[in-house]
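Structure at a glance
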Amino acid sequence: MASTTSKADSADWPGKRIDHAEYGAKLAARRAELGYPELPRNSGANRTESKQALLKAIDDAAAKQGFCW
């Protein structure tokens with residue numbers, strides 16, 4: 001979904017511009033060069049009670065709809 005407030009071709013953007021296709025190609029090349037290392041994942045061990053409740057509610061709602069992760 002495109003933003004209704006920002007313009008993709010705005011010439012007055014002061015920040016660095018990133019070509020996503022070029023960035024993706026560089027990233028893929030670096031990963032291949034390194035032998036596709038296994039990246040660490042967030043274990044979720046430090047989640048707050050409210051975050052745990054939210055994730056449980058999402059899982060419950062998904063289960064009611066027949067989804068499974």
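Look up a bit, the structure's there.
This write-up is about the structure you can find in this document. Numbering of residues starts from 1 in each chain and follows the order in which that chain's sequence is written. With pLDDT at 70 or above as the cut-off, local features in this predicted model cover only qualifying residues; side-chain atom pairs require 80 or more to be listed or tallied, and sums for whole chains, interfaces and linings still use all residues. The basis for the side-chain values is all heavy atoms of the structure; hydrogens and waters are excluded.

1. Describing the overall build of the chain
Heads up, the condition is: To qualify as a helix, a DSSP run of H or I must reach at least 4 residues; to qualify as a strand, a run of E must reach at least 2; elements of each kind are numbered from the N terminus. We call a residue buried when its accessible area falls under 20% of the maximum for its residue type, exposed when it is over 50%, and partly exposed in between, using a 1.4 Å probe and counting protein chains only. The Shrake-Rupley method, run with a 1.4 Å probe sphere, supplies the accessible areas, and residue values consider only the shown protein chains as cover.
For the chain, the helix and strand inventory stands at two helices and zero strands. Relative to its full complement of 69 residues, the chain shows a buried share of 3%. Within the structure as shown, the chain displays about 7,100 Å² of accessible surface, and the carbon and sulfur contribution to it stands at 56%.

2. Observations regarding helix α2 (residues 49–65)
The condition is simple: Multiply 1.5 Å by the residue count of a helix minus one, and that product is the helix's expected span.
Across its 17 residues, α2 extends 24 Å between first and last C-alpha, which sits within 8% of the 24 Å expected from 1.5 Å per residue. Looking one or two residues past α2, Gly-66 carries a phi angle of roughly 90 degrees, positive in sign.

3. Some points on helix α1 (residues 20–33)
Put simply, the rule is: In protein, a polar contact requires one atom able to donate a hydrogen and another able to accept it; more generally it is a pair of N or O atoms within 3.5 Å, and residues adjacent in sequence count only if both atoms are side-chain atoms.
In this model α1 runs 20 Å from its N-terminal to its C-terminal C-alpha over 14 residues, within 8% of the 20 Å that 1.5 Å per residue would give. One side-chain oxygen of the residue at the start of α1 lies 3.0 Å from the amide nitrogen of Ala-21, identifying that residue as Asp-19. At the C-terminal side of α1, Gly-35 shows a positive phi close to 80 degrees.

4. Here we look at the pattern of salt bridges
Definition in use: Each reported salt bridge corresponds to a side-chain nitrogen of Lys or Arg within 4 Å of a carboxyl oxygen of Asp or Glu.
Tallying each qualifying case throughout the model produces two salt bridges. For Lys-26, the salt bridge is made with Glu-22, and the minimal N-O distance between the two is 3.3 Å. A residue pair is termed a helical-turn pair when its members lie 3 or 4 positions apart in one helix, as Lys-26 and Glu-22 do in helix α1 at four residues. Exposure remark for Lys-26: the relative accessible area of 52% places this residue in the exposed category.

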